[in-house]
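Residue-level listing of the chains:
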There are 2 protein chains.
Amino acid sequence: MKVLVLLSGGQDSTTCLAQACHDFPGEVMAVGFDYGQRHRIELTQAQRISDIAKVPFEVISLPFISSLTDNSLTRKDMPIEHKEGELPSTFVDGRNLFFLSVAAVRAKQKGVRILYTGVCQTDYSGYPDCRDDFVKSLQQSLNLAMDYEFDIRTPLMFLTKAETVRMMETLGKLEWLKESHTCYEGKRPACGRCPACLLRLKGFLEVGIKDPLEYE
Amino acid sequence: MKVLVLLSGGQDSTTCLAQACHDFPGEVMAVGFDYGQRHRIELTQAQRISDIAKVPFEVISLPFISSLTDNSLTRKDMPIEHKEGELPSTFVDGRNLFFLSVAAVRAKQKGVRILYTGVCQTDYSGYPDCRDDFVKSLQQSLNLAMDYEFDIRTPLMFLTKAETVRMMETLGKLEWLKESHTCYEGKRPACGRCPACLLRLKGFLEVGIKDPLEYE
C-alpha cells in the first residue's frame with residue numbers, strides 16, 4: 001500500500017478517496033475515527049464506501065476528543081448553532097490536528113508516506129485546522145516528530161462544493177456519493193433542510209448534476 | 001492560571017514544574033497522561049509532586065496511544081532494549097506530539113497560553129519529538145490549528161542531566177525529586193541498575209549532589 005486516506009464518510013472525504021484510487025489504483029487504504037461524533041452512521045457509510053471502492057478500512061477510537069471538548073458534534077444536549085463571524089458550535093478544537101497526527105502514526109507503521117485528506121479551506125465553516133497553512137505546517141511537524149517524510153495531499157483544499165461535485169463526475173464515481181453522509185440531523189434519507197444538506201444540494205445545483213443521495 | 005505544565009512524574013518534568021512555579025508563582029497547573037505506560041506509578045508520583053508544589057493536577061486518558069503502537073513502554077511482554085544507533089524499544093511514535101497537542105487543547109479551554117514541558121534534546125534517548133526543531137514547528141502548527149498564540153517553553157532543552165540537577169538545587173526544590181519516578185523497572189525504592197536509574201545517578205554524581213530518591 002502507498003496511500004492512506006482519511007475517510008469520514010462525508011462527501012468531501014469520499015471524493016478524496018476517489019481521487020486517491022484514481023492516482024494510486026490498488027494501493028489505497030482508508031481510516032476513519034470514532035470520536036463520539038453525534039452521528040456514528042458516518043462510519044457505517046464510510047465502511048460501505050470502502051467496500052464499493054475495494055479498499056481496506058479501519059476505524060480508530062479516539063474517545064479522548066469528546067472528553068476534551070464540549071461541543072454540539074459530540075454532545076446531543078447542545079443545539080447546533082452558527083452565528084455570523086463565529087466558529088460554529090460543532091467545532092472540536094484540534095480535531096483535524098488529531099486525525100492527521102493519528103493517521104500519520106498509523107501510516108508510518110504500515111510503511112506508507114502519502115496521506116490524502118478532504119479538508120477544504122473554501123468550506124463555509126471556517127475551521128482553522130482545515131486551512132492550507134495549517135496542513136503544510138503540520139506536515140513539517142509530523143516529519144520532525146517521527147523522522148519521516150510524509151506527503152499530505154489535499155486535492156479539495158481550494159475547491160468550492162460545486163467544483164468537488166464536478167471532480168467526482170470527472171472521476172466517474174458520482175454513484176459513490178449515494179452512500180456518503182452529510183446530514184447534520186443524522187437522517188438517511190437525508191433531511192434536505194439542515195445547513196449541511198443545503199450546502200451539499202447547492203453544490204449539485206450549481207453544476208446541474210443530480211445528487212445520487214436520497215432525500216426525505 | 002497562566003501556565004500548564006506537562007508533568008509525567010519523572011525527574012525532568014518535576015524540574016520543569018519547579019521552574020514554572022518559580023516563574024509564575026500561584027499561576028501554575030499541571031497535566032499528566034495515562035496512555036497505558038508500563039509504570040502507572042509515575043502518575044501517582046506526579047500527583048504527590050503536585051500536592052507538594054500546591055498546583056492542581058489533572059490526568060487525561062489517552063488509551064489510543066498504546067493501541068496504535070507496539071513497544072516496550074506500554075507492553076509488558078516486550079523486553080527493554082537499546083541498541084547503539086537505533087531508537088530504544090521504549091519509543092512511542094509521536095508520543096510528545098500527542099501530549100503537547102492534547103495539553104494545548106486543554107490549555108486553550110482554560111484560557112492558558114503558556115505550556116512548560118521538560119523535553120530535552122541532549123537526552124541520551126534520541127526521540128525525534130523531543131528536539132527543539134520539532135517543538136518550535138509544533139507550536140506554529142498548534143497556533144494555526146486553533147487560531148491561538150501558544151508559547152511552549154522548554155527550560156531543559158539543552159541541559160545535561162547534571163545541569164538539570166544543578167537547576168533544581170538553584171531553585172531550592174531538590175526535595176521534590178524524592179517523589180519523582182525514574183526507574184524503568186517501576187521500583188520504589190528505585191533499582192539503581194536500569195539505564196534510566198544509572199543516567200539519573202550519573203547526573204547527581206557529576207555535580208556532587210546527593211539524590212534524595214531512595215534506592216534499593
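Rules used throughout
- Residues numbered from 1 in each chain as written.
- Chains lettered and ligands numbered in written order.
- Predicted model: local features only at pLDDT ≥ 70, side-chain atom pairs only at ≥ 80, totals over all residues.
- Heavy atoms only, no water.
- pLDDT = per-residue confidence, 0-100.
- Least-squares fit on C-alpha atoms with pLDDT ≥ 70 in both.
- Contact = heavy atoms within 4.5 Å.
- Helix = DSSP H or I, 4+ residues; strand = E, 2+ residues; numbered from the N terminus.
- Buried < 20%, exposed > 50% of the residue type's maximum accessible area, 1.4 Å probe, protein only.
- Axes fitted to C-alpha atoms, helices over the stretch in contact; angles between N-to-C directions.
- Left-handed = near helix turned anticlockwise from the far one by under 90°.
- Nonpolar A, V, L, I, M, F, W, Y, C, P; charged D, E, K, R; others polar.
- Pairing = 2+ DSSP bridges.
- Parallel < 35°, antiparallel > 145°, perpendicular 65-115°, else oblique.
- Buried area = accessible area lost by both parts, 1.4 Å probe.
- Salt bridge = Lys/Arg side-chain N within 4 Å of Asp/Glu carboxyl O.
- Polar contact = N/O pair within 3.5 Å; in protein donor to acceptor, adjacent residues only side chain to side chain.

J.: Please explain the confidence of the model for chain A as it appears in this structure.
T.: Any residue range with low pLDDT should be treated as having predicted coordinates unsuitable for detailed reading. With 88% of its residues at a pLDDT of 70 or more, chain A has an overall mean of 90. This complex was scored by the predictor with a pTM of 0.90 and an ipTM of 0.89.

J.: Got a minute to help me understand the relation of the copies chain A and chain B in this structure?
T.: Copies of the same chain, two in number, are related to each other by a rotation about an axis and a translation along it. Taken as rigid bodies, chain A and chain B are interconverted by a rotation of 180° and an axial shift of 0.0 Å, the fit giving an RMSD of 0.0 Å. Expressed as a symmetry operation, the mapping of one chain copy onto the other fits a two-fold axis. An overlap of 100% is found between the interface residues of chain A and their copies at the interface of chain B, pointing to a shared contact surface.

J.: What is the right way to read the environment of B:Leu6 from this model?
T.: Residues and elements named next belong to chain B. Assignment of secondary structure puts Leu6 in strand E1 (residues 3-6). A relative accessible area of 8% places Leu6 in the buried class. Separated by 93 residues in the primary sequence, Leu6 and Phe99 have C-alpha atoms spaced 7.8 Å apart. With near-sequence residues (within four places) excluded, Leu6 lies in contact with Ser13, Val31, Phe33, Phe99, Leu100, Ala103, Tyr116 and Thr117.

J.: Got a minute to help me understand the packing of helix H6 (residues 161-171) of chain A against helix H7 (residues 195-207) of chain A in this structure?
T.: For any two helices packed against each other, one specifies the inter-axial angle together with the distance between the axes. All names here are of chain A. Where H6 meets H7, the axes come as close as 8 Å, and the angle between the chain directions of the two elements is 65°. Every pair of crossing elements has a handedness; the one defined by H6 and H7 is right-handed. Residues Lys161, Ala162, Val165 and Arg166 of H6 touch H7, and the partners they reach there are Leu199, Gly203, Phe204, Glu206 and Val207. Along the lines of polarity and charge, the residues of the contact of H6 with H7 split into five nonpolar, one polar and three charged.

J.: Looking at this structure, how should I read the side chain of A:Thr15?
T.: Residues and elements named next belong to chain A. Structurally, the position occupied by Thr15 is in helix H1 (residues 11-23). On the accessibility criterion, Thr15 (0% relative accessible area) is buried. In this structure Thr15 touches Leu156, Thr164, Met167, Met168, Leu171 and Leu177, once residues within four positions along its chain are discounted.

J.: Sorry if this is basic, but what is going on with the sheet that holds strand E4 (residues 114-116) of chain A here?
T.: Pairing between sheet strands relies on hydrogen bonds along the backbone, with the strands arranged either parallel or antiparallel. Residues and elements named next belong to chain A. Pairing within the open sheet is parallel, and its five strands lie in the order E3-E2-E1-E4-E5. Either end of the sheet is taken by a strand with one partner, and the two such strands are strand E3 (57-61) and strand E5 (151-153). Each strand axis lies, on average, 25° off the axis of its neighbour in the sheet, ignoring direction. Direction of pairing for strand E1 (residues 3-6) relative to strand E2 (residues 28-34): parallel, over a ladder of four bridges. Among the inter-strand pairings, Val5 is bridged to a residue of E2, identified as Ala30. Running over the sheet, helix H2 (residues 41-53) touches E2 and E3 and is turned about 155° from E3. Sitting on the sheet, helix H4 (residues 95-109) is in contact with E1, E2, E3, E4 and E5, with an inclination near 155° to E1.

J.: Before we go on, may I ask you to explain the packing of helix H4 (residues 95-109) of chain B against helix H5 (residues 132-146) of chain B in this structure?
T.: Residues and elements named next belong to chain B. Axis separation between H4 and H5 bottoms out at 11 Å; the angle between their running directions is 40°. When the axes of H4 and H5 are compared, the pair comes out oblique. Between H4 and H5 lies a crossing whose hand is right-handed. Between H4 and H5, the residues in contact are Leu97, Leu100, Ser101, Ala104, Val105 and Lys108 and Phe134, Val135, Leu138, Leu142 and Met146, respectively. A class-by-class count of the residues in the contact of H4 with H5 yields nine nonpolar, one polar and one charged.

J.: Could you clarify how one ought to interpret the interface of chain A and chain B in this entry?
T.: Often the size quoted for an interface is simply the accessible area lost on bringing the parts together. Counting from both sides, the interface comprises 32 residues of chain A and, opposite them, 32 residues of chain B. Note on chain A versus chain B: buried area summed over both sides is about 2500 Å², and carbon and sulfur give 66% of it. One can count four salt bridges joining chain A with chain B. Where chain A meets chain B, there are 13 residue pairs in polar contact (both at pLDDT 80 or more). The leading source of residues in the side of chain A that touches chain B is helix H5 (residues 132-146) of chain A, at ten residues. Counted by class, the side of chain A that touches chain B contains 17 nonpolar, eight polar and seven charged residues.

J.: Hey, could you run me through the sheet that holds strand E5 (residues 151-153) of chain B in this one?
T.: Residues and elements named next belong to chain B. Taking strand neighbours across the sheet as the criterion, the five strands line up as E3-E2-E1-E4-E5 in an open arrangement whose pairing is parallel. Sheet topology places strand E3 (57-61) and E5 at the edges, where each strand pairs with a single neighbour. When the angles between neighbouring strand axes are averaged without regard to direction, this sheet yields 25°. In this sheet, E3 lies alongside strand E2 (residues 28-34) in parallel orientation, the contact comprising five bridges. Counterpart to Val31 in the pairing with E3 is Glu58.

J.: Please clarify how the pattern of salt bridges should be interpreted in this entry.
T.: When charged atoms on two side chains of opposite charge get close, those side chains can pair. Residue and element names in this part refer to chain A. The full count for this structure, using the stated rule, is 26 salt bridges over all chains. For the salt bridge of Arg40 with Asp34, the shortest nitrogen-to-oxygen distance reads 3.0 Å. Of the residues examined, Asp34 reaches a relative accessible area of 16% and is grouped as buried. Here the salt bridges do not stand alone but share partners, grouping Lys187, Arg193 and Glu216 into one network.

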